[in-house]
Amino acid sequence: VDRAKKLAERKVRPDSPEEEKWKKDVKATVDEILDWDELTKRALGRAWEERKPAEREQFSKLLHDMVEASYESKLKLAARDQLKKPQEVKLTWEPEKIDGTQATARAKIKADKTNATLDFSLRWDGSKWRGWGVAIDDVSTVRTYRSQFSKIIAESGFPALIDRMKKKVEEIKSGKGELAP
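A quick note: this is a predicted structure, and the numbers were derived from the prediction, not measured.

1. Here's the deal with helix α3 (residues 36-44)
Turning to α3, its buried residues are W36, E38, L39, T40, A43 and L44. G45 sits one or two positions beyond α3 and adopts a positive phi of about 65 degrees.

2. Let's talk about unusual backbone geometry
Positive phi, close to 55 degrees, is recorded for D112, a residue that is not glycine. Relative to the assigned elements, D112 resides in the loop between β3 (102-111) and β4 (114-124). The residue D138 is not glycine, and still its phi comes out positive at about 70 degrees. Mapped onto the elements of the fold, D138 is located in the loop between β5 (129-136) and β6 (139-140). On the basis of relative accessibility, which here comes to 59%, the residue D138 falls in the exposed class.

3. Describing the packing of aromatic side chains
In this structure the tally under the stated criterion is five aromatic pairs. Taking the centre distance of 5.8 Å and the plane angle of 35 degrees together, the rings of W93 and F120 count as tilted. With W93 in strand β1 (residues 89-93) and F120 in strand β4, this pair connects stretches of sequence that are 27 residues apart. Note on Y145 and F149: the rings are 6.1 Å apart at their centroids and 20 degrees apart in plane angle, and the pair reads as stacked. One end of the pair is Y145 and the other is F149, both in helix α6 (residues 141-156) and four residues apart, which spans about a single turn. Judged by relative accessible area, F149 falls into the buried class, the value being 5%. Across from the ring centre of W132, 3.9 Å away, lies the NZ or CZ of R42, which sits over that ring.

4. Brief notes about the pairing of β4
Sheet topology note: the β3/β4 ladder contains 10 bridges and is antiparallel. Residue pairing for β4: T104 is matched across the bridge by S121. Here β3 folds back onto β4 in antiparallel fashion, the turn holding two residues, of which D112 has a positive phi close to 55 degrees. Both β4 and β5 contribute to a ladder of seven bridges, which runs antiparallel. Looking across to β5, one finds that F120 is bridged to V134. Turn length for the β4-β5 hairpin, with the two strands adjacent in sequence and antiparallel, is four residues, and the turn residue G126 shows positive phi of about 105 degrees.

5. Thoughts on the nonpolar core
Counting 28 residues, the largest nonpolar core has L44, F59, L63, F149, F158, L161 and M165 as the members making the most contacts within it. Listed by contribution, the elements that provide at least two residues to this core are α2 (17-33), α3, α4 (47-50), α5 (53-79), α6 and α7 (158-174).

What counts and what doesn't
- Residues numbered from 1 in each chain as written.
- Predicted model: local features only at pLDDT ≥ 70, side-chain atom pairs only at ≥ 80, totals over all residues.
- Heavy atoms only, no water.
- Buried < 20%, exposed > 50% of the residue type's maximum accessible area, 1.4 Å probe, protein only.
- Helix = DSSP H or I, 4+ residues; strand = E, 2+ residues; numbered from the N terminus.
- Phe/Tyr/Trp six-rings, centres within 6.5 Å; stacked < 30°, edge-to-face > 60°.
- Lys NZ or Arg CZ within 6 Å of the ring centre and 35° of its normal.
- Pairing = 2+ DSSP bridges.
- Core = buried A, V, L, I, M, F, W, Y, C linked by side-chain atoms within 4.5 Å.

Dropping the structure here:
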């Protein structure tokens, strides 16, 4: 959270060498923090086991690209001073809950008059804790992705999901879309 905040506070000129360096720093931060394997498996749910290795790899890459593009687009707006920022933000961490290799870290956030609870789902990878999901006021991003992906697969098939993900990545990167939630 602190590293993302510092990246968002770092001002960069659009299309400058500083912005390219900043993009690399965003990618390195996201890659270090997120457990992409766990996030990918949980986002696809039961359909993960039904996929061939090539399909898993393609889905993993697209989900990675979508999430990364989304974070980068939001941080870029902040770095360019194009976001309305709250006057006061207070972040309070509660004690972590650890169960073997799984953990939840909870933070209460107050931004001006808005309150929210953030629950970060973490997994011990053998050397450090890495995040694979976040819930904002009990709305889980991974559950939301899984629900959306499952619905698309059920209605139109896995190839349709891949096509939609490719389009979504392009929309986000071009500034014409965003990743919800």
